Each structure stands twice: as C-alpha cells, then as structure tokens.
Amino acid sequence: MKDFARSDDPTVQEQLDRLAKLSLPQGRLGLETIRSLLARLDNPQDRLPPVFHVSGTNGKGSTCTYLRYILEAQGLTVHTATKPHLVRYNERIRIAGTLVSNAELATLLREVLDAGEDLSPSFFEVTTAATFLAFSRHSADACIIEVGLGGRFDATNVIEHPAVCGIASLGLDHEAFLLAPEEGTPSEPLARIAFEKAGIARAGAPLVTQRYPAAAALAVTQTATRVGAILKMRGYEWDARASEDGLEYSDRAGTLSLPLPALPGAHQADNAALAIAMLRHQDSLVVSHAAMKQGLRAAKWPARLQRLSHGPLAALVPGHDLWLDGGHNPDAGAAIARHFPGPVHLVIGMLVNKNPEAIVNPLADRLASLTVVPIPGSEAHDATAFGANAVAAESVSDALTAIDSDDAPVLIAGSLYLAGEVLRLNGELPD
C-alpha cells in the first residue's frame, strides 16, 4: 500500500520495510496497545507543548494547516502531525516547522518498532508513537495533531490535557470502521460518525465544532456533556460568514474582519473559521488579529484544490488549467463541484473501497470528459465502475495527453494516493 511509502535513504527504507509488515489488525479496536507502547517509551505524549487536536471527516487537515500558519505568523514554533503523506513518509512529522530528517526518522522508527515488537502494533500506532517521541524531544510553543481514522479509537487519542479540540465537517467515509453497530452508540449514520469524531473530547478542555444536522449535533453535545468538555459549537458560541469581501468572524469576545484564505474553494472559509474559533477559545497561547490575517493569506496545503501551473504533467495540457484534489467522499465531491461551475475534464482514480459516485455525480452535468486511471501500488476501480461515458487510460500522463484541445480546466481527483503520485511526477514534493 502507498501508506508505507518508499525512501531513497536506505536507513529509512529498512524501517519502512518493517512498517510495511504491519497493518490495522482486523477486529481490534481500542487504545490498549498504543498506551502500552507509549508506556515503554516513557509516555512522550505527556511531555508535549499545548496540543491542538483536530478530528472530522473533511477539512481537518486544512484546519491544522491554518492553525500552523497562524501560530507561525505569531512568531511561535510549532510541531505538526498530519496524515496521510503524499510523497514521503517524512511529511507526517513536522518538527518545529521542518519535516523530520531521514536520519532522525530512521532512529525514531527503529526505536518504536524495537520497543513494541511483541505488542503487534499497527502501522498507525507505530507512526503515532514515533511522532509523539519526536515532538517530546524538541522544544516548541504548540503542537497540532490531526486525527487519522475516527477519533474515539484513533491512536492519537491518548492526549489527556489538550489546549483545545476541534471537529471539522462531518460526512460519510470509512464506513466499514466507523459505522459498525455497537451497543450504546447512535444508529443514524451521521450521528454515529459524529459520536466517533467527538471521542477526542476531554474534561475541562474546549471542544470547538462546526454546525451539524440535528442528530449529529446531539451526538456531539451528549459526548461533550458526558466527559465534561466545554462545547463551543458554531451557530451558538461562535459563527462566521464568508463573502467576496472576506470572512467575518464573531463570538462573545467580539468580531473580527479577516481575509478569505488563500487556499482555493469556498469550503476553505469554513475550515479557516474553525481554526480561528479554536484559537479564540483556548487560553494557552496569545494570538493577534494580525497573525490570523497573515496566516490565512499564507497557508498552503498540497492536493487540496491545488493548481499545478508548472511541471512535466502541466506541460501535457497547454491551454488548460490543471487542478489536483485528493477528495474521495461525497462531501469532497460537493466542494469540488462548487469550484467548477462549468465544463471540466475529470481524470479520476479511486480505491476499490471508495464509492465512484462520490466525485463523479456532483460533476455529472458538466463533465467534458471522464478518464479513469490506476493508482500505482493500490487496488483501484476500473473504468466500468464509473459508467458508460468513462474511458480508461494506463497512466495520468496518457490521460492528460488525450485531453481535447478546448479550454476547459482539467481536474485530477479521487484519491490522496493518486495525488501523491501526481505531485511526484510533476516534481512538486511537499516541504
């Protein structure tokens, strides 16, 4: 799988080969293994700077990015853990603003894998332990942690005293893991998702959320009440409104006039607003209005409606705007459709456990062409899964070469794994 990655550094590759033998143990959910592994490493998660912990279905990575850029604009040093990586495993661990070096990464992975060899930890548990170990060994003013899968049983959910927790937008994704029936949990699908994501809530810590449908909002509220978290839900304790003139944010402390974020897509205003709300409802760090404005303007986040204006792949479609997005669920599809109101050429690759309709259906009335490509190293849908109008290409390069000579934009979408391959081919390594 692409999750395990390759490295040009033999010392890193040796440890990635060991990681590749691990997986998500089927049928095992819980935090016992990660807690045991961290205990053997002297509990590095208890020695972190103030933690901003973010869950959600879509937008959590972008929210983490806004938090990072705003805090750095304030002059603060920030550790950041995001997932998945696009090209290099190193992208998962950013230490004081810089991706972990190959030398330190090899040492961290070896140390964690050796410590937990008899525990049979998962890929995600080893990655999380290595991340916390790295962050505990370097000083910083803040630590931003993105949840991987779910929240309640995610390996990152061992932070006992976060500065603030946030929940981004909610939607259906990873249903096989998050919608399995369990006694005492909500039965309505989105409420079930909300229940899992809200599992990061902690007693006495702010839990800042977006606005959700009634059943999901109830699940979040009940979880916050049960654990004693301080719920700050959009539409109640805070709100925000985006227009062509900017982003107007308000809460009990006052109103802020902010620029729209630099990242493309109308949905990014919501992600930016959540980041602002998280900063406004925590008291570990002081962040100025000026830093908020600067951070929103400067934020970059690869493969999220990213325009590829240079590089070998962009050169294959002269006269077209070439866009890249790793979205793969219905909410992502809706956000993409809002960004492309007119004809668009879609080049898509999706893992077999994803719904082909998620991206195609929102764009169905404006598809200039639909080309299906494989995802190197992963099992993906073939063209037959996307309907009678879909055609197959052996690679992204072949798909782009066949695009008609009109001026409609070209979008490559459907998978973050595919997005990573596109960035590699186009010579754009995330840094």
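Since we're looking at a predicted model, the values are computed, not measured.

Now for the sheet that holds strand S13 (residues 322-324). In space, the six strands of this open sheet follow the order S12-S13-S17-S14-S15-S16, with mixed pairing throughout. Since the sheet does not close on itself, it has two edges, and those belong to strand S12 (306-307) and strand S16 (391-392), each with one partner. Bridging between strand S15 (residues 367-372) and S16 involves two bridges; their strand directions are parallel. For Val-372, the partnering residue across the bridge sits in S16 and is Ala-392.

The subject of this paragraph is the confidence of the model for the protein. When the pLDDT values of the protein are averaged, the result is 93; 95% of them are 70 or greater. Confidence drops under pLDDT 50 across residues 174-178; counting only partners more than four residues distant or on other chains, this segment forms 12 contacts.

Another point: the nonpolar core. Formed by 38 residues in total, the largest nonpolar core has its most connected members in Phe-52 and Leu-71. Of all the secondary-structure elements, those providing two or more residues to this core are strand S1 (51-55), helix H3 (60-73), strand S5 (142-146), strand S9 (238-243), strand S10 (246-251), strand S11 (254-258), helix H9 (268-280) and helix H10 (289-298). Examining the composition of this core, we find that nine residues originate from one element, H9, more than from any other. With near-sequence residues (within four places) excluded, Phe-52 lies in contact with Leu-67, Leu-71, Ala-142, Cys-143, Ile-144, Ile-145, Val-164, Met-278, Leu-279, Gln-282 and Leu-285. Counting residues in each nonpolar core, the second largest holds 36 residues, with Ala-81, Ile-95, Ala-155 and Val-158 among its members.

Direction vectors running N to C along H3 and H9 enclose 55 degrees, while the axes themselves pass 8 Å from each other. Taken together, the axes of H3 and H9 are oblique relative to one another. The crossing of H3 and H9 is right-handed. Residues Ser-62, Thr-63, Tyr-66, Leu-67, Ile-70 and Leu-71 of H3 lie in contact with H9, whose contacting residues are Gln-268, Asn-271, Ala-272, Leu-274, Ala-275, Ile-276, Met-278 and Leu-279. Looking at side-chain class alone, the contact of H3 with H9 contains 10 nonpolar, four polar and no charged residues.

Looking now at the pattern of salt bridges. Across all of its chains, the model carries 16 salt bridges by this definition. The salt bridge involving Asp-42 is made with Arg-47; its shortest N-O contact spans 3.7 Å. Under the relative-accessibility criterion, Asp-42 is labelled exposed at 55%. The structure contains a network of salt bridges with shared partners spanning Arg-211, Arg-234, Asp-239 and Asp-270.

A separate point is the packing of aromatic side chains. Counting across every chain of the model gives four aromatic pairs. Measuring from centroid to centroid gives 5.3 Å for Phe-123 and Phe-124, while their planes differ by 85 degrees, and the two rings are edge-to-face. For Phe-123, a relative accessible area of 1% translates into the label buried. Measuring from ring centre to ring centre gives 6.0 Å for Trp-323 and Phe-340, while their planes differ by 85 degrees; the resulting arrangement is edge-to-face. Here Trp-323 is found in strand S13, whereas its partner Phe-340 is found in the loop between helix H11 (330-339) and strand S14 (344-348), with 17 residues between them in sequence. Both residues of the pair, Trp-323 and Phe-340, count as buried. Members of the aromatic cluster, connected to one another through ring pairs, are Tyr-89, Phe-123 and Phe-124.

Let us now look at the pairing of S14. A regular strand carries its side chains on alternate faces of the sheet. Summarising burial for S14: five of the five residues are buried, a large majority. Burial of the side chains of S14 extends over both faces: Val-344, Leu-346 and Ile-348 are buried on one face and His-345 and Val-347 on the other. Of the strand pairs in this sheet, S14 and S15 are connected by five bridges, and their pairing is parallel. For Ile-348, the partnering residue across the bridge sits in S15 and is Val-372. Here S14 runs beside strand S17 (residues 410-413); their pairing, made up of four bridges, is parallel. Residue Val-347 lies in a different strand from S17, and its bridge partner there is Ile-412.

Of all the residues in H10, the buried ones are Ala-291, Met-292, Gly-295 and Leu-296. Along the axis of H10, the buried residues cluster in a sector spanning 130 degrees; they form a single face.

What follows concerns the packing of helix H4 (residues 102-115) against helix H5 (residues 123-136). In contact at an axis separation of 9 Å, H4 and H5 are set at 120 degrees when each is read in the N-to-C sense. In this view, H4 runs oblique relative to H5, as classed from their interaxial angle. Every pair of crossing elements has a handedness; the one defined by H4 and H5 is right-handed. Contact with H4, carried on its side by Leu-108, Leu-109, Glu-111, Val-112 and Leu-113, involves Val-126, Ala-129, Ala-130, Leu-133 and Ala-134 of H5 and no other residues of that element. For the contact of H4 with H5, the per-class residue count stands at nine nonpolar, no polar and one charged.

Further remarks concern H11. Within the span of H11, buried status applies to Ala-332, Gly-333, Ala-335, Ile-336 and Ala-337. Looking at the buried side of H11, the elements it contacts are helix H12 (357-363) and S17.

To continue, consider the side chain of Arg-202. Secondary-structure assignment places Arg-202 in the loop between helix H7 (189-197) and strand S7 (206-209). For Arg-202, a relative accessible area of 12% corresponds to the buried category. Looking at Arg-202, its side chain comes within polar contact range of the main-chain oxygen of Ile-159, at 3.0 Å. Side-chain polar atoms of Arg-202 contact the backbone oxygen of Gly-199, separated by 3.5 Å.

Basis of the calculations
Residues numbered from 1 in each chain as written. Predicted model: local features only at pLDDT ≥ 70, side-chain atom pairs only at ≥ 80, totals over all residues. Heavy atoms only, no water. Pairing = 2+ DSSP bridges. Helix = DSSP H or I, 4+ residues; strand = E, 2+ residues; numbered from the N terminus. pLDDT = per-residue confidence, 0-100. Contact = heavy atoms within 4.5 Å. Core = buried A, V, L, I, M, F, W, Y, C linked by side-chain atoms within 4.5 Å. Buried < 20%, exposed > 50% of the residue type's maximum accessible area, 1.4 Å probe, protein only. Axes fitted to C-alpha atoms, helices over the stretch in contact; angles between N-to-C directions. Parallel < 35°, antiparallel > 145°, perpendicular 65-115°, else oblique. Left-handed = near helix turned anticlockwise from the far one by under 90°. Nonpolar A, V, L, I, M, F, W, Y, C, P; charged D, E, K, R; others polar. Salt bridge = Lys/Arg side-chain N within 4 Å of Asp/Glu carboxyl O. Phe/Tyr/Trp six-rings, centres within 6.5 Å; stacked < 30°, edge-to-face > 60°. Arc of directions from axis to C-beta. Polar contact = N/O pair within 3.5 Å; in protein donor to acceptor, adjacent residues only side chain to side chain.

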